[in-house]
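Results of the structural survey
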Amino acid sequence: MIHQFWRAIAAFLVGVIIATAGANANGLEKPKGTVLLTVSGAISKTNAGETARFDLAMLEAIDSTVIETTTIWTDGIQHLRGVSLAALTKALGVNSGTLRAKAINDYVVEIPVTDAVEGGPIIAYELNGEQMPLRNKGPLWIVYPFDTDVAYKSEQIYTRSIWQLDRIEVVQ
Amino acid sequence: MSNTTHGRFRAGLTFGIMAGLVALCIIALMSIRVVRDLRLLETANSDNLQWTVTQSEVEYLGMLVEVDRARLRETSDLSDLRRRFDIFYSRMATLKEAPSASALVESEDYRTALNAAQRFLDRTVPLIDGDDETLRASLAVISADARDIRQNMRKLASTGLSEFSKTAEERRKDVAVTLFRLAVVAIGLIVALALSVVHLFRLNRQKVLRQKAMVQTANRLNTIISTSLDAVIVCDAEGRILEFNRAAEIIFDRPAAGVIGKNLLKTTCPPELRSGFLDKLRRYREGENPRFASRGRMELQGIRRNGDRFPAEVAVQVAHTADGHIFIIFLRDISAQVRAETELVQARDQALAGERTKTEFLATMSHEIRTPLNGLLGNLSLLHATKLDGRQKRIVENMVKSGELLLRHVSDVLDITRYDTGHLRVDHVPTHLDRLVRDLIDSQSAIAAAKGTTLSWRWIGEPMPWVESDPDRLLHILQNLIANAVKFTHDGHVSITAESMHTDEGGHEVLFRVRDTGIGIASELRATVFDDFVTGNTAYDREFGGTGLGLSIARRFASAMGGDIGLDEPDGLGAAFWVRIPVRPTDPIAESTTRKQTNDLQTSTIGLNILVVEDNEINRVVACEMLQAAGHKVTEANDGKAGAALADRTRFDLILMDISMPVMDGRAATRAIRNGGGKSAETPIVAITANAMAEEQAAFLEDGMDGVLTKPLSDSALAEITGRYAVAESTENTPLSDADHRHQTRVTFGEEAYEKLVGKFIAESKILIAELSENGTLSNAQIERRCHQVAGSAAIFGATAMQQNLRAIQSAAKGDDPAAMAVHLSELGLIWEKTKLSLQP
């Protein structure tokens, strides 16, 4: 009697775990901290209705890439750590299309998914070891590795280096 | 290229190079600049400044609006305000920090605005960062403060704009300059390229021209070599054939393709000669000088493809090329030439053989005809000497005349044949012209007298009595001329003159003229009178007898002697012939040898013991009869062997030896007698021959003969021979002088010359006798010579006794016989006195 009971509970727990995992496989876990980034549009994983919301931890969990480069807005070499666009799009099952990136100050720029390559741009959440406040281009800044490729030093790329990023809409 | 062109070329080249280098430097520098500019253009060193500056104003206004909204709203939600403030702050921070914006700081207005904005931010930050309460309370202040910097923000934007336009302009200018530089560089490069293209074109054209020239030359050379009729073969030092021209292909009957690369000797040289050449090649390779190369043409043998050998004329040359030595062989197939040579040689031999045959024919003819003639005439002569009645005598005389005429014909024809076949030999012996002519005149005097014609002869100018000439031929010519003159002159005069002259070349010649006052020569005959078989009127022919060959033979003889014969223009009556003969004056000789001695000159010959060796019975009998009639004792032998045997056993005074006999011929017999050491080993041997060839006669003399008689024999010839070789002469039988002879001389020379000569002769003789009387004055040789001289002179005046005496002394001196000399010397004085007397007119 007792043996059967524990077996049922174990089964139930397994079921729950599976269900949770299944729920996770189907979508993402929910953000626990402040939501920094909201991705909408043609994505395969969501965790809030049609959108996917990410907090810092979640972003850190997806990817942690470091870029060291100079920029035209800063002085000297900057250390930037963030999630690479490639990893993010991969995590969200985005292979093609355009990322419409919007900033807190309503700045909008369209970034083609083709930019999201290995060794390409990152959504930086840490500048020189510290998180960026809103006053200093934070919390998220799409930075390209300008110094690694001369092609990244173009006006178009500069416009795509959106700071104070908070929303991305994936458009096909 | 001449020196000046070369110099100019070098100067031009140097200048060109310098200019080129300078241009290249400029282009390089420019290119570097362009590249740098392009690289700069490659990257954007700033983003849209205009955007940033205007965006700063927008975000300022956004913040301002939010501040006002927050004041109006009652809610305590100030997150939007804070956000807006942060956004504005971030923008201003960017403006401050971005290096690209540093250009803006140049402008003072910008600086002022920026500083004002910065002050506002600094003041407001603590309020924003504070709690909501503090913030709400200070909203009015913030709003007022913010409004204060409104103008500054505007100014910020406008200075940004001007800066932006300036930058944009500068950038455009930069781009323009860069493009310009790029264009210059490009053009410079293009020009340089164009120049080099032009240069290359020229070089190419030069090259093409040179190539054409080379090709032309090569073609020409090729044509020369391929059209050469001589084979031209080139091979390397190992003997491998490198080139084989068309002519070689033809000669060796091998295609060039099949021969190139093969060994030369194996293909062209007969196997038996190969080793020799291989050896030579090897020695050459080892450094010896090639004896076969560069040594002119050699005659070698080549071998054709089918194994035929052929004679070849080969010349080998060595050349040094970059790849080593090569041999160039020029080869000519001379089989045709060799064949031609052989044929020529054969033809020549045939011709020579033909000549020999002709000569033999002549000799045989001569012999065959003369021998029976000899018999005929000889017997006639004997017959004439026998007792005949008048009629018989006449018949015999006619026969003799005919026979002699026949003999003359034969002799003439033989002479002509001999001359025409080039066998006529001309003697060069000392000849006494005076005597020759005088004898001739003597022989003609009877005939002339019968016709009432007189003969005279003299020298014109300085006489040149002794000359080197051919007496027989000269005699023949003069005899012909004189006989003709006498023949055609009736009751007239024939004058003969001789004149000695100098030739242009410094020699001497004698010009004889025979002038007659006879019937002359018809004008139509004048041109052809020297031709063969040309006689006068046929009527005269028969009367005078003649072959018409006399003058033509005379002409032949004259030209054989190097002279000429001709006919003078007639002036008045008769004809005038002349003969010019080149001669050499010479010393008088010991023996006076006029073959034709006049019958008046009597030689006393007591009966000699004579051996006649002759195989022909008739001729032998004739000879014997003649000799016996002359009082000699004759022994006969009918062949050489018998004759030689007889000669060995018995000592004869004279041997007459026929040449062509069976068993042993005359020459062999003579040699046998001479070498046999028999009784007649020293006896004079005279050849009797029908063969009158000079070479043969010389051969007889070499065999040991002393003289030659030609058949048919005549009394006079025999008499002369016997007289000549008579040993014993007695002075009692010697007449003192020959008056007739003297008279003839006088007539011939003319009184004046005769007296002069007599004086000379007397003077000569006196001196000689004086010298001879003193013993030891003269040497034997001198005695010989002097006696000979005077004897000759004595002969002219018919002083026969003196002549013989002097001759005897001469022989004694020659034979170094003082006893004999003394004997004759003792007689000389008396003889001289007598002679001198006889000379007085």
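Residues numbered from 1 in each chain as written. Chains lettered and ligands numbered in written order. Predicted model: local features only at pLDDT ≥ 70, side-chain atom pairs only at ≥ 80, totals over all residues. Heavy atoms only, no water.

What about the sheet that holds strand β13 (residues 609-613) of chain B?
All names here are of chain B. Spatially, 5 strands are ordered β14-β13-β15-β16-β17 in an open sheet, and the strand pairing comes out parallel. The open sheet terminates on both sides in strands that have one partner only, identified here as β14 (633-637) and β17 (707-710). For this sheet the average axis-to-axis angle between neighbouring strands, irrespective of direction, equals 20 degrees. Pairing between β13 and β14: 5 bridges, direction parallel. Looking at β14, one finds that Asn-609 is bridged to Lys-633. Helix α19 (residues 666-676) contacts β15 (654-658) and β16 (685-689) of the sheet and is inclined by roughly 150 degrees relative to β15. The strands touched by helix α21 (residues 715-725) are β13, β15, β16 and β17; relative to β15, the strand with the most contacts, the crossing angle is about 135 degrees. (Pairing = 2+ DSSP bridges. Helix = DSSP H or I, 4+ residues; strand = E, 2+ residues; numbered from the N terminus. Axes fitted to C-alpha atoms, helices over the stretch in contact; angles between N-to-C directions. Contact = heavy atoms within 4.5 Å.)

Description of the sheet that holds strand β3 (residues 297-303) of chain B
Residue and element names in this part refer to chain B. Taken in spatial order, the 5 strands line up as β2-β1-β5-β4-β3 in an open sheet, and their pairing is antiparallel. The sheet is open, and its two edges are formed by β2 (241-244) and β3, each paired on a single side. Here the average twist between neighbouring strands, direction ignored, is 30 degrees.

Observations regarding the nonpolar core
In a soluble, globular protein the nonpolar side chains are often hidden away together inside. Of all hydrophobic cores here, the largest spans 47 residues; its most connected members are Leu-37, Val-39, Phe-54, Ile-123 and Leu-165 of chain A. Ranked by the residues each element gives to this core, the list is headed by strand β7 (residues 122-127) of chain A, at 5 residues. Among all residues touching Leu-165 of chain A, those that are not within four sequence positions of it are Leu-36, Leu-37, Ala-101, Lys-102, Ala-103, Ile-123, Pro-139, Leu-140 and Ile-142 of chain A. Ranked by size, the runner-up nonpolar core spans 43 residues in total, among them Leu-436, Leu-475, Leu-551 and Phe-557 of chain B. (Core = buried A, V, L, I, M, F, W, Y, C linked by side-chain atoms within 4.5 Å. Buried < 20%, exposed > 50% of the residue type's maximum accessible area, 1.4 Å probe, protein only.)

Focus: the packing of helix α24 (residues 780-796) of chain B against helix α25 (residues 800-814) of chain B
All names here are of chain B. At a closest axis distance of 8 Å, the pairing of α24 and α25 adopts a crossing angle of 160 degrees. As judged from the angle between their axes, α24 and α25 are roughly antiparallel. Here α24 and α25 pass one another in a crossing that is left-handed. Packed against α24, whose contacting residues are Asn-780, Ile-783, Glu-784, Cys-787, His-788, Val-790, Ala-791, Ala-794 and Ala-795, the element α25 presents Met-802, Gln-803, Leu-806, Ile-809, Gln-810, Ala-813 and Lys-814 at the interface. Per-class residue counts for the contact of α24 with α25 are 10 nonpolar, 4 polar and 2 charged. (Parallel < 35°, antiparallel > 145°, perpendicular 65-115°, else oblique. Left-handed = near helix turned anticlockwise from the far one by under 90°. Nonpolar A, V, L, I, M, F, W, Y, C, P; charged D, E, K, R; others polar.)

Notes on α21 of chain B
Taken as a whole, α21 of chain B has its buried residues at Leu-718, Glu-720, Ile-721, Thr-722, Gly-723 and Tyr-725 of chain B. Residues of α21 of chain B that are buried sit in contact with β13, α17 (617-629), β15, β16 and β17 of chain B.

Some thoughts on the confidence of the model for chain B
Residues and elements named next belong to chain B. Taken residue by residue, chain B gives an average pLDDT of 81. The fraction at 70 or more is 90%. In this model, residues 592-604 is a region of pLDDT below 50 whose contacts with residues beyond four sequence positions or in other chains number 22 contacts. Residue range residues 727-733 is modelled with pLDDT below 50. Its contacts to residues more than four positions away, or to other chains, number 7 contacts. Two numbers describe this predicted complex: its pTM, 0.39, and its ipTM, 0.75. (pLDDT = per-residue confidence, 0-100.)

Quick word on a nonpolar patch on the surface
Taken together, the side chains of Phe-9, Leu-13, Ile-17, Met-18, Leu-21 and Leu-24 of chain B define a hydrophobic patch exposed on the protein surface, amounting to about 600 Å² of accessible area. As for its position among the elements, Leu-21 of chain B is in helix α1 (residues 3-42). (Patch = residues over 30% accessible without salt bridge, like charges linked within 9 Å, V, L, I, M, F, W, Y side chains within 5 Å. Areas by Shrake-Rupley, 256 points an atom, 1.4 Å probe, with all protein chains shown as cover. Salt bridge = Lys/Arg side-chain N within 4 Å of Asp/Glu carboxyl O.)

A few points about the pattern of salt bridges
All names here are of chain A. Taken as a whole and assessed by the stated rule, the structure comprises 37 salt bridges over all chains. The salt bridge involving Glu-169 is made with Lys-102; its shortest N-O contact spans 3.6 Å. With Glu-169 in strand β9 (residues 165-171) and Lys-102 in strand β5 (residues 98-103), this residue pair connects regions lying 67 residues apart in the sequence. Here Asp-106 ties to Arg-167 by a salt bridge, and the two come within 3.6 Å at their closest N and O atoms. Here Asp-106, found in the loop between β5 and β6 (108-112), pairs with Arg-167, found in strand β9; they are 61 residues apart in sequence, far enough to count as distant. Each of Arg-100, Lys-102, Glu-110 and Glu-169 takes part in one network of salt bridges that share partners.

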